[in-house]
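# Reading the structure
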Amino acid sequence: MPMLDVKNLVTHYFLGQEAVSAVEDVSFTIEQGETLGLAGESGCGKTTTAYSIMRLLAENGQIIRGQILLDGEDLTQKTEKQMRKIRWRDVSIVFQYAMNAFNPVLKIGKQIIEVIRDKEDVTKTVAEERVKALFEEVGLEPERIYDYPHEFSGGMRQRAIIAQALALEPKLIIADEPVTALDVIVQNKILELLSELQERYKLGVLLITHDLSVVAENSDKVGIMYAGMLMETGTATEVFKETLHPYTYKLIGAFPSVSGPKHRLEFIPGTPPNLLNPPSGCRFHPRCPWAQAICVKSVPDYRDLGKGHFVACHFAGELNFEEVPK
Amino acid sequence: MSSTPILEIRDLKKYFPVRKGFLSFLGGQRYVHAVDGVTFSVQPGDSLVIAGESGSGKTTLARTILRLIEPTAGSIRFQNEDVVAMTPEELRPFRQKMQLIFQNPFEAIDPRHTIHEVVSEPLVILDPGSTEDERESRVLSALEDVRLIPADDFARRYPHELSGGQLQRVAIARSLIVNPTLVIADEPVSMLDASIRTEIMNLMSDLQKEYGLTYIFITHDLAQARYIGEYIIILYLGRIMEMGPMEEVLQDPIHPYTQALISNVPVPDPTEERDRIDIPGETPTPIDLPPECRFRPRCQDFDELCSEDEPVLHQVSEDRFVACHGWEARRKKKHKLTYSSDTK
């Protein structure tokens, strides 16, 4: 049984009477010790997926259908009171903006101590010792728990956030753009730290990012989202090297690489759809060069084309991406 | 690089005073050396990328070149004219020739103005003699240039009705409407999604050919840099570490900082094995720098000379320069970054 099993998740935001179809029929699994990289462009629903799992959706957001099974327990059925026990202890989240994740007027250590004491009945001294140990684990000097957030550099703050996420020994960590604001050298140090900790504690990680390069280098499995739906999921090698979905193919082609031969960069004409009124059929069809009549009419099944290589395209496996029809 | 440069920067410096705090009487005024002795030139029609991490001084450098902030020392010559000596009146025509495109079009464009007002604003300011009709037709042709078609439809809209990519086109149209010769673009695509970045980059490159523009791009993203410029300058703590033709620098970096930086750039290929060069610490703030190579505290390959003397730019080949004392020794060791890729 996978540690996390998201089944047919549908999450909408309500604007008055209208519904924004932010996440539509999304399914994926994460095993113990595994990283799923969830990638896609802004507005594709990757963060809404994460917030649905954490049950931290904005007031107008609502899980409409589907299951989120964490070790067999359905998080969508939990009350807010039950969720408060699950957050941080079973699932924790590493946010993008390390700058905003801490209260600027409280010492960082104190904020993490509060998280621990909120969930566990331990004395302040015990909690403090645990935070010091956590700081060492993430490569920070233990004494720095007495510092304020502004005394930390961007990379150090991100380490402190990871320490906070680990404080209650969760099984699953959701990392939402954990390195986006950092320079590449620091970025790699943080990603290496995450992967070390993951191995040590057999953590499941949901890594959310818009950067395909970060996903390619740091994930076991990769999911590509577009307009609220998963287009393709598979091992990193399958998704990048044996690509089945036209959107995945185009998106990978749009990413520049610092090494290897300099290929022509792709772009995808048009813009992502308005999810108040998503396109019929396949949501990518208005921008897909290979779209046929059926793509306009019916939503393609999200089906397994190999051992766990899922794709939502009517013509998956039949397309020659080298040839664009005119 | 033999013809007359369009832009010549010599030993440019920009220091910012550190805000005085309690006990500041104990020491003198301290400065952040944001740009600290930068020398380079740009040939007409080139596209140069100035790359560096946050805090490298790349944005300060761009703003100083435009004299949006005053340089502390050094010279800036644009088309052989001394920019530093210009009075505010003399700066006006110069600003017309040198335009800046910002990173975030949502912030750079006033949401209360129509696209027509946004694009025509520089004309009103820099060419006050122009008539309403002239401005109208120039706005429409500028919008057509950036492929916002039908132009008269776009001209009537408000910024919130446009996507990020379309807004960045508006920003480009606004900078081109005054017929500049040099365009400085500060991270022009980093706010945009990957699928539309290429479209904007292609557009900028088409416009460059069409109007004979010279570009300076400021970026932190070396992979993106590779696709937008022919030359690259690598900046660290306000100083040039290495510069030269793009592919040469990226595929065969000489400076230990450049080597580390490039080796850390992620690539969109899970099968590519890369040797990462780790360098300790994070980029410090350049206050009170000792007289040594500013990369030495993080360098893995330094000797005595490096802590005694700040290296100047050595010429390595015709148009490659590197600020490292040990470059020759390292060249002999043939310390090259090798990328291996096992494509199945």
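One structure accompanies this document, and this report is about it.

Scoring rules and cut-offs
- Residues numbered from 1 in each chain as written.
- Chains lettered and ligands numbered in written order.
- Predicted model: local features only at pLDDT ≥ 70, side-chain atom pairs only at ≥ 80, totals over all residues.
- Heavy atoms only, no water.
- Contact = heavy atoms within 4.5 Å.
- Buried area = accessible area lost by both parts, 1.4 Å probe.
- Salt bridge = Lys/Arg side-chain N within 4 Å of Asp/Glu carboxyl O.
- Polar contact = N/O pair within 3.5 Å; in protein donor to acceptor, adjacent residues only side chain to side chain.
- Helix = DSSP H or I, 4+ residues; strand = E, 2+ residues; numbered from the N terminus.
- Nonpolar A, V, L, I, M, F, W, Y, C, P; charged D, E, K, R; others polar.
- Pairing = 2+ DSSP bridges.
- Axes fitted to C-alpha atoms, helices over the stretch in contact; angles between N-to-C directions.
- Buried < 20%, exposed > 50% of the residue type's maximum accessible area, 1.4 Å probe, protein only.
- Patch = residues over 30% accessible without salt bridge, like charges linked within 9 Å, V, L, I, M, F, W, Y side chains within 5 Å.
- Areas by Shrake-Rupley, 256 points an atom, 1.4 Å probe, with all protein chains shown as cover.
- Lys, Arg positive; Asp, Glu negative; His and termini not counted.
- Charge placed at Lys NZ, Arg CZ, Asp CG, Glu CD.

## Here's the deal with the interface of chain B and chain A
Facing 41 residues of chain B, the contacting portion of chain A comprises 40 residues. With both chains or domains summed, chain B and chain A bury close to 3,600 Å², and 55% of this area falls on carbon and sulfur atoms. On the surface where chain B and chain A come into contact, there are three salt bridges. Its salt-bridge partner being A:K189, residue B:D278 comes within 3.9 Å of it at the nearest N-O pair. There are 20 residue pairs in polar contact (both at pLDDT 80 or more) connecting chain B and chain A. Listed by contribution, the elements that provide at least two residues to the side of chain B that touches chain A are α8 (194–211), α9 (222–226), α10 (246–251) and α11 (256–263) of chain B. Tallying contributions element by element places α8(B) first for the side of chain B that touches chain A, with six residues. By residue class, the composition of the side of chain B that touches chain A is 17 nonpolar, 11 polar and 13 charged.

## A closer look at the sheet that holds strand β2 (residues 31–42) of chain B
Residues and elements named next belong to chain B. If you walk across this open sheet you meet the four strands as β2-β1-β4-β5, and the pairing is antiparallel. Looking at which strands have only one partner, the edges of the open sheet turn out to be β2 and β5 (81–82). The sheet strands contacting helix α1 (residues 58–65) are β1 (7–17), β2 and β4 (73–78), and the helix crosses β1 at an angle near 115 degrees.

## A word on the side chain of A:S21
All names here are of chain A. Following the sequence through the fold, S21 ends up in strand β2 (residues 18–30). Judged by its relative accessible area of 7%, S21 falls in the buried class. Within the local environment of S21, its side chain forms a polar contact with the side chain of E24, the two groups lying 2.6 Å apart. At 2.6 Å, the side chain of S21 forms a polar contact with the side chain of R283. Filtering out sequence-adjacent residues up to four positions away, S21 remains in contact with T11, H12, L275, P278 and R283.

## Section: a negative patch on the surface
Residues and elements named next belong to chain B. Together, D133, E134, E136, E144 and D152 make up a region of like negative charge exposed at the surface. The element that contributes the greatest number of residues to the negative patch is helix α5 (residues 132–145), accounting for four residues. For D133, the location among the structural elements is in helix α5. The class for D133 is exposed, based on a relative accessible area of 63%.

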